Structure formats: structure tokens, C-alpha cells
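Letter by letter, the chains look like this.
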Amino acid sequence: MLRSRPAVANPPKIVTPTMTVTPAHEIPLGIRRKAIAVHEAGHALVAILLKRDVTEALLRPPDGLSGETRFAHGESAPLDLSQEADRRRVADAIVVLMAGQVAEAEYWRRHASLYSPKVNSHRSDAAEVLTLKSGLALGPEQDALFTGYCIEKAKKLVLEDAAQAAIQEIAMRLSETMSILRTEMDEIITRHRVVLRQPSRAHRY
């Protein structure tokens, strides 16, 4: 979950209809808490790469089974969606939301031999995505193309090897301490040499 920012529809699938869902009580608390930490680490890392003013990521007490990535107050400034720059801010915010889902989906994929959970942590993200997209006034075909573009961008940023290593370290620290500051995340991202690679061409929508 994200706060104080302009922050998937059609999120990556964690459980397919042919899989048996593992009840939450059968998954150790530490594994579930780490999944939420990975989710928030995905949000935070991509937001930082996209030059968003992240201040910290945290897990909520008592068990750390929900969390949020926090942004500076200036992040909530009004947007003029007739302006290209502000439309791109909305696109970046949607990519940040999708990044949390992509990161968590990859976490559970790596645990697929042990657990197939029903994941509910995407609901607030998906609702925010729908709200943000509604301001763009996209037709059905544009919406499909735009959503696909955002998902692919989130995947490219999150699933790159260096990004995965940084997300895992951020998530481990977050899971252990329940919060992590921007300065700590910057150090981890820099040490793992995670960089934003510019696309070969701009996407129009």
C-alpha cells in the first residue's frame, strides 16, 4: 500500500484455478511477513528509480502483515492531466503500484513448491490504479495498451537481477526491523548497482 503520492489492475496471477490454495494459517508468519516486505520493497525501489520522493517503507504492527511506502508531502500536489508531464507522473505512479505486485508475485513463485496462497495485498493497489487511470480518459483499446505498457515496465524494473538482489535485502531488513528509511534504501540500491535503463522510445497514450 502506498500513501501520500499520485500511487494493478489485472495483477500478476499468484494462484491459478488448478492449484490448491494454502490456508494462511498453514504458512509461517515469517514467510507471510517477508512477502509483505518484498511487496513494499518493490514499491519503494521502483519509486526511487523513477525519482519519486520516498521517505521510508514500513510494516504495521503487531505482525507486519500489512505495510506502506511513504512519500514526502509534496508528492500529493494537484495534477493537471491535460499536461503531458503530469500524465507521465500518473503513469509512473501506476508503475510503482504494479511493482509491488510484481515483486510479491516473484516471491511466491519462488515458494511455489511449498505454498500457493490466496494473495489479498493487491486490493488497495488495484483500486488506486483504477482511480488514477480514470483521470486519463482512455478508451478500451488505449486502456489495454497503457496497462500492458505499465505492467511490462514494472516487470523490467523489478525482475532484473540487481533489482531482485536489492529488493531481497531491503525486504529482509524491513521484515526484521518493521521500517527502513530512504537513506538505507539508497545505500542498498547503490551497492547493488541498480539503475534505471531508459526505453529506446517513448510510449504515447
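Residues numbered from 1 in each chain as written. Predicted model: local features only at pLDDT ≥ 70, side-chain atom pairs only at ≥ 80, totals over all residues. Heavy atoms only, no water.

What the protein contains, in helices and strands, is six helices and three strands. Order of helices (α) and strands (β) in the protein, N terminus to C terminus: α-β-β-α-α-α-α-β-α. The buried share among the 205 residues of the protein stands at 46%. Carbon and sulfur atoms make up 55% of the accessible area of the protein, which totals about 10400 Å². (Helix = DSSP H or I, 4+ residues; strand = E, 2+ residues; numbered from the N terminus. Buried < 20%, exposed > 50% of the residue type's maximum accessible area, 1.4 Å probe, protein only. Areas by Shrake-Rupley, 256 points an atom, 1.4 Å probe, with all protein chains shown as cover.)

Mean pLDDT over the protein stands at 87; residues scoring 70 or higher make up 84%. Across residues 4-11, where pLDDT falls below 50, the model places 40 contacts with residues more than four positions away in sequence or in other chains. (pLDDT = per-residue confidence, 0-100. Contact = heavy atoms within 4.5 Å.)

Another aspect to go through is the packing of helix 2 (residues 84-110) against helix 4 (residues 140-159). Between helix 2 and helix 4, the least distance of the axes is 8 Å, while the angle of their chain directions is 55°. In terms of orientation, helix 2 and helix 4 fall into the oblique class. As for how helix 2 packs across helix 4, the hand of that crossing is right-handed. Side by side, helix 2 and helix 4 meet where Ala91, Asp92, Ile94, Val95, Met98, Ala99, Val102, Ala103 and Glu106 of the first sit next to Phe146, Thr147, Cys150, Ile151, Lys153, Ala154, Lys155, Leu157, Val158 and Leu159 of the second. The residue inventory of the contact of helix 2 with helix 4, partitioned by class, reads 14 nonpolar, one polar and four charged. (Axes fitted to C-alpha atoms, helices over the stretch in contact; angles between N-to-C directions. Parallel < 35°, antiparallel > 145°, perpendicular 65-115°, else oblique. Left-handed = near helix turned anticlockwise from the far one by under 90°. Nonpolar A, V, L, I, M, F, W, Y, C, P; charged D, E, K, R; others polar.)

All buried positions along helix 6 (residues 182-191) are accounted for by Met185, Ile188 and Ile189. The buried residues of helix 6 occupy an angular sector of 95° when the element is viewed end-on, so they sit on one face. Among the exposed residues of helix 6, those pointing more than 90 degrees away from its buried face are Thr183 and Thr190. In the core, the buried residues of helix 6 are packed alongside helix 1 (29-49), strand 1 (54-59), helix 5 (161-177) and strand 3 (179-181). Of the residues trailing helix 6, arginine 193 is marked for its positive phi of about 55°. (Arc of directions from axis to C-beta.)

Backbone torsion omega between proline 61 and proline 62 reads 5°, so that peptide bond is classified as cis. Not every positive phi belongs to a glycine, and arginine 193 is a case in point at roughly 55°. Its place among the elements puts arginine 193 in the segment after helix 6. Here arginine 193 falls in the exposed class, since its relative accessible area comes to 71%.

With that settled, consider the environment of leucine 58. Relative to the elements of secondary structure, leucine 58 occurs in strand 1. Sequence separation between leucine 58 and arginine 70 is twelve residues, and the spatial gap between their C-alpha atoms is 8.1 Å.

This part is about the nonpolar core. Judged by nonpolar contacts, the single largest core of 53 residues is most densely connected at Leu45, Val46, Ile94, Met185 and Val194. Of all elements in the fold, only helix 1, strand 1, helix 2, helix 3 (123-134), helix 4, helix 5 and helix 6 reach the threshold of two or more residues within this core. With 13 residues, the top contributor of residues to this core is helix 2. When neighbours within four sequence positions are excluded, leucine 45 is seen to be in contact with Leu157, Ala163, Ala166, Ile167, Ile189 and Val194. (Core = buried A, V, L, I, M, F, W, Y, C linked by side-chain atoms within 4.5 Å.)

Once rolled over the atoms, a probe with the size of a water molecule shows which space is left empty. A volume near 300 Å³ is recorded for the second largest pocket. Lining the second largest pocket are 16 residues; nearest its centre among them are Arg32, Ile36, Lys118, Val119 and Asn120. For the lining of the second largest pocket, the secondary structure elements donating two or more residues are helix 1 and helix 2. The element that contributes the greatest number of residues to the lining of the second largest pocket is helix 1, accounting for three residues. Across the lining of the second largest pocket, the residue classes break down as ten nonpolar, three polar and three charged. (1 Å grid on protein atoms, 1.4 Å probe; cavity = no way out; pocket = protein on both sides within 12 Å on 5 of 7 lines; lining within 4 Å. Points joined across faces, edges and corners; volume = space filled by probe spheres on them.)

As for its position among the elements, glutamate 104 is in helix 2. Buried within the structure, glutamate 104 lacks any salt-bridge partner; arginine 32 is the closest side chain of opposite charge, at an N-O distance of 10 Å. (Lys, Arg positive; Asp, Glu negative; His and termini not counted. Salt bridge = Lys/Arg side-chain N within 4 Å of Asp/Glu carboxyl O.)

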